[in-house]
Amino acid sequence: GEYTAMVTGIGTAWETDIVIPATYRGLKVTAIANNAFHVTLDARNYNLTSVEIPDSVTVIGDEAFRGCNLITNINMSDNVTEIGAYAFSGCSALTEIKLPRMLQTIGEYAFRGCDSITSIEIPDSVVTIGGGAFESCYCLVEVWNYSDLQIAVGREDNGLVAYYAKQVYTTDKPSKQTLTEEGYLFYEDEKESLLIAYCGNETKLILPAMSPKERDYKIYQYAFCDCTFLNKITIPDRVTEIGNAAFSNCNSLTSVKFEDNGKLSTIGMSAFSNCSQLTRIEIPNGVTSIGPNAFAYCCHLTRIEIPEGVTLIGDSAFISCVLLTDIQYKGTVEEWTSIEKNAWDFYTNTVGYTITCRDGKIDNKGNVTYFE
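Note that the coordinates shown come from a computational prediction; the quantities given were computed from them, not determined experimentally.

Undergrad: Would you explain empty space enclosed by the protein in this entry?
TA: Empty space among the atoms becomes visible once a probe the size of a water molecule is rolled across them. By the definition in use, this model includes 1 cavity of 30 Å³ or more. Each pocket or cavity is described by its volume, and for the largest cavity that value is around 50 Å³. As for the largest cavity, its lining consists of Ile235, Pro236, Asp237, Val239, Phe258, Glu259, Gly262, Lys263, Leu264 and Pro284. For the lining of the largest cavity, the residue count by class is 6 nonpolar, 1 polar and 3 charged.

Undergrad: Can you help me understand the pairing of strand S15 (residues 184-188) in this one?
TA: Here is the key point about a regular strand: its side chains alternate between the two faces of the sheet. Of all 5 residues in S15, 5 are buried, a share of seventy percent or more. Of the two faces of S15, the one holding Tyr184, Phe186 and Glu188 and the one holding Leu185 and Tyr187 are both buried throughout. Direction of pairing for strand S14 (residues 177-179) relative to S15: antiparallel, over a ladder of 3 bridges. Across the sheet, Thr178 pairs through a bridge with Phe186, a residue of S15. In the sheet, S15 pairs with strand S16 (residues 193-198) via 5 bridges, with the strands oriented antiparallel. What sits directly across from Glu188, in S16, is Ser193. Hairpin connection, S15 to S16: the antiparallel pair is bridged by 4 residues.

Undergrad: Can you help me understand the side chain of Glu188 in this one?
TA: For Glu188, the position within the fold is in strand S15. Here the side chain of Glu188 touches Ser193 through a polar contact of 2.5 Å, side chain to side chain. Separated by 2.6 Å, the side chains of Glu188 and Ser211 make a polar contact. Ignoring anything within four residues of it in the chain, the contact list for Glu188 reads Lys176, Ser193, Ser211, Pro212, Lys213 and Arg215.

Undergrad: Help me understand the sheet that holds strand S7 (residues 73-75) in this model?
TA: Pairing is parallel in the open sheet, where 3 strands are placed in the order S2-S5-S7. Either end of the sheet is taken by a strand with one partner, and the two such strands are strand S2 (17-19) and S7. Averaged over neighbouring strand pairs, the angle between their axes works out to 5° when direction is ignored. Where strand S5 (residues 50-52) and S7 come together, 3 bridges link them in parallel fashion. Residue pairing across strands places Glu52 opposite Asn75, the latter belonging to S7.

Undergrad: Is there a simple way to explain the packing of aromatic side chains in this structure?
TA: How two aromatic rings sit relative to each other is given by the distance of their centres and the angle of their planes. Tallied over the full model, the rule gives 18 aromatic pairs. Ring centres 5.4 Å apart and planes at 5° place the aromatic pair Phe272 and Phe295 in the stacked group. On the criterion of sequence distance, the pair formed by Phe272 in the loop between strand S22 (266-267) and strand S23 (280-282) and Phe295 in the loop between strand S24 (289-290) and strand S25 (303-306) is long-range, its members being 23 residues apart. Residue Phe272 is classed as buried on the basis of its relative accessible area of 0%. Exposure remark for Phe295: the relative accessible area of 0% places this residue in the buried category. With centroids separated by 5.4 Å and ring planes inclined at 5°, the aromatic side chains of Phe295 and Phe318 adopt a geometry described as stacked. Pair noted here: Phe295 is in the loop between S24 and S25 and Phe318 is in the loop between strand S26 (312-313) and strand S27 (326-329), with a separation of 23 residues, a long-range link. Note on accessibility: Phe295 and Phe318 belong to one class, buried. Chaining the aromatic ring pairs together yields one cluster made of Tyr184, Tyr198, Phe224, Phe229, Phe247, Phe272, Phe295 and Phe318.

Undergrad: Please explain the layout of surface pockets as it appears in this structure.
TA: Counted as a void, the largest pocket has a volume near 1,100 Å³. Lining the largest pocket are 43 residues, with Thr72, Ala93, Thr95, Glu96 and Ser116 positioned closest to its centre. Looking at the lining of the largest pocket, the elements that each hand over two or more residues are S7, strand S10 (119-122) and S16. Top element by residues in the lining of the largest pocket is S10. It accounts for 4 residues. Residues of the lining of the largest pocket, tallied by class, amount to 25 nonpolar, 10 polar and 8 charged. The space that makes up the second largest pocket amounts to roughly 340 Å³. Lining the second largest pocket are 15 residues, and of these Val7, Gly9, Ile10, Pro21 and Tyr24 lie nearest its centre. Looking at the lining of the second largest pocket, the elements that each hand over two or more residues are strand S1 (4-7) and S2.

The rules behind the values
Residues numbered from 1 in each chain as written. Predicted model: local features only at pLDDT ≥ 70, side-chain atom pairs only at ≥ 80, totals over all residues. Heavy atoms only, no water. 1 Å grid on protein atoms, 1.4 Å probe; cavity = no way out; pocket = protein on both sides within 12 Å on 5 of 7 lines; lining within 4 Å. Points joined across faces, edges and corners; volume = space filled by probe spheres on them. Nonpolar A, V, L, I, M, F, W, Y, C, P; charged D, E, K, R; others polar. Buried < 20%, exposed > 50% of the residue type's maximum accessible area, 1.4 Å probe, protein only. Helix = DSSP H or I, 4+ residues; strand = E, 2+ residues; numbered from the N terminus. Pairing = 2+ DSSP bridges. Polar contact = N/O pair within 3.5 Å; in protein donor to acceptor, adjacent residues only side chain to side chain. Contact = heavy atoms within 4.5 Å. Axes fitted to C-alpha atoms, helices over the stretch in contact; angles between N-to-C directions. Phe/Tyr/Trp six-rings, centres within 6.5 Å; stacked < 30°, edge-to-face > 60°.

In structure tokens form, the structure reads like this:
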């Protein structure tokens, strides 16, 4: 038979934009080997930002690009028929992926954790999507399914490809996503408006006053997650909800400002977790629910203000906020004690805090001193 070649690693290259050759020493390059660019095998793989795969390649091996979390663009030829298990797992900067027209198999966990992908097309050639192939693709809100697979919104089969989806289309319908001039990506249907991603690189942001359809909107889960460049943000009055992990791991974020008289009611699970440079935050009036781990591991947080309308503080909401000493609550001591919360998890790894209410103070042992 004909001899062919496969790519087994980065070799002597130092480029961040990789163009894989169609031939090597006269041999046709037909495959990218298992673990070829896995980040744990060569430190240079950490720096890869784009990859172009030639028409000669038909197979992308298991874990071929696993953990390459700076890759933003992968150009695959339509001749690829198989994408291996974990092939692009952890490529969290990848914003879009065009699956090859000849693709038949997507391996298990192939795109796991690619949480910047917001839409995808499944070609008519695809016959198998492995378990968990799209696990933790939290912003994957639109799926075009041209295959014979039964893909439906919210289902866990077919690799979770539509588990987080708002829409699954089986014909050529236009996307419901809009990218604004400022780089904000919205999804809007007849029910809701969601800010699902930020595609710019500004360090100080004032979020849009309204959605492109001039409606109130929610900040979707993971919308700004891992935006490590983000320093300051202002959240306008027409934002109604901050989704799970929306600002998680924004470890340069020092200031969060909420506009007055806003419609915000919910701060989701892990919404600001590991925002390690935040020192204080004032939760606005109108918020009723603070989710589990909402401010977990904000290790420089010293002061927080909580409105009297809050009825729920989730488990571990402030866990490991080791410098949190000043909790200002705008209601009474009685109202504070009536809030649904897990006291142990709420206070774990905080030291010397005082909860100041309108009519008294509560220390970290639960002792109450009423004002005269």
